[in-house]
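The lines below spell out each chain.
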Amino acid sequence: MTMYSRLAGVNYVLPAMALLMLVLFSPVLYGFWFSLFRIQYGAPTDFAGLENYARLLDDPVLAATFERSALFTCAAVALTLVIALALAVWINRLGQRLGFVVQMIVILPWIISTVVATLLFRWVFVSDIGLVGSLIRMAGIPDVQLLNSPGSAMALLIGVSVWKRVGYALIILLAGLKGIPDDYEEAAKIDGANPWQIFWLIVLPLLKTPLLLVTIVLTLSNLNTVETPLVLTGGGPGDATRILPIEVFDRAFVNFDLGSATALALVMFAGNILLVLAYVRLAKWKT
C-alpha cells in the first residue's frame, strides 16, 4: 500500500472523526474549564484554579462514597458476567426454537426503560404497600423493610442492576459462542477432554474478546448509572447506597455546587478511561 493510498483513506474518515471528536471531547474540555472557576447562579465568576479539586480531597465523606461505588460496581459486574455466561452456554446447547424463546425472555429487562424497571422494583419492595411486604405479612412473618436496611438496600440495588443488564451481556457472549467452530469441541472430545476442560481450556479463551467488551461496558454503565440508585433508594437509607453518580447529582442539582460537581464528574471521566486501559492491558489485547 502506497503512501498516497493511505492518505486517501484518512481523508475519507477525517470528517467523521473530527465530528466525533467534537461531540465527545468538547463537553469534557468545557467542563474542565468550568471546574476552574467559582460558580454562582450557574455561571463562572472568579478564577479558582484547582480549588474545586482540592475540596474533593478534603471531603471526608467522599472516600466512603468511592468505596460504596467500587463495591456496587464489582459485585454487579461479577454477578452479571457469571449469570450471562451460564445462560449463554445453556442457550447455546438448546434447540433453536426453545433457545430463541429463552433468549427473548432474558433480553426483555434490557429493553425496558431503566426508570420504569426500577420503579417496578421499588413498588414491589417498598415497605408499606409493596408486594413482598404484603406477602410477608400474609404469611405471618415479621415485617422486613428491605429498602430501609443498609445491607439489603445495597443488595437490592445490585440485584436490579444485574437483572437489567444481564440481557446485554447474554447477547454478546452468545454471539461469541456461536462463532466458535464445533470442530474444536469435537477434537477435544476425541483427545479425552471432559466438558469442564473443554470450557476452561477452549471455550473461555476463545471468548476473550466478547468478555473484554462486556466487562468494559458493564463496568462503565454500573459505575456511571444514576437512574437506578436515584429511583430505587435515592442514596439511602442514610448514605448506604450513595454512590458517585448520586454524589455528582446532589452536588449539582440539590446543593447547586456546580464547581465541585463538575470537578468530581471529570475525576470520574478520567477514572473511566484508566479502567478501560487497565482492562485492555490485563487482557493482553493484540490487534
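Just above, that's the structure.
Residues numbered from 1 in each chain as written. Predicted model: local features only at pLDDT ≥ 70, side-chain atom pairs only at ≥ 80, totals over all residues. Heavy atoms only, no water.

Please set out unusual backbone geometry residue by residue, giving values where relevant.
Most of the time, phi is negative for any residue but glycine, and the peptide bond is trans. Cis geometry marks the peptide bond from glycine 236 to proline 237; its omega dihedral reads -5°. Residue placement: proline 237 occurs in the loop between α11 (227-232) and α12 (244-253). At phenylalanine 256, a position not held by glycine, the phi torsion is positive, near 55°. Among the secondary structure elements, phenylalanine 256 is positioned in the loop between α12 and α13 (258-282). (Helix = DSSP H or I, 4+ residues; strand = E, 2+ residues; numbered from the N terminus.)

Give a description of the pattern of salt bridges that names residues and reports values.
Per the counting criterion, the structure on display carries 7 salt bridges. The closest approach of N and O atoms between aspartate 257 and arginine 55, which form a salt bridge, is 2.3 Å. One end of the pair, aspartate 257, is in the loop between α12 and α13; the other, arginine 55, is in helix α2 (residues 51-58), with 202 residues separating them in the sequence. Residue arginine 242 is joined to glutamate 247 by a salt bridge in which the shortest nitrogen-to-oxygen separation is 2.7 Å. The buried category is assigned to glutamate 247, whose relative accessible area is 7%. Bridged by salt links that share partners, the residues Asp59, Arg242, Glu247, Asp250 and Arg251 form one connected network. (Salt bridge = Lys/Arg side-chain N within 4 Å of Asp/Glu carboxyl O. Buried < 20%, exposed > 50% of the residue type's maximum accessible area, 1.4 Å probe, protein only.)

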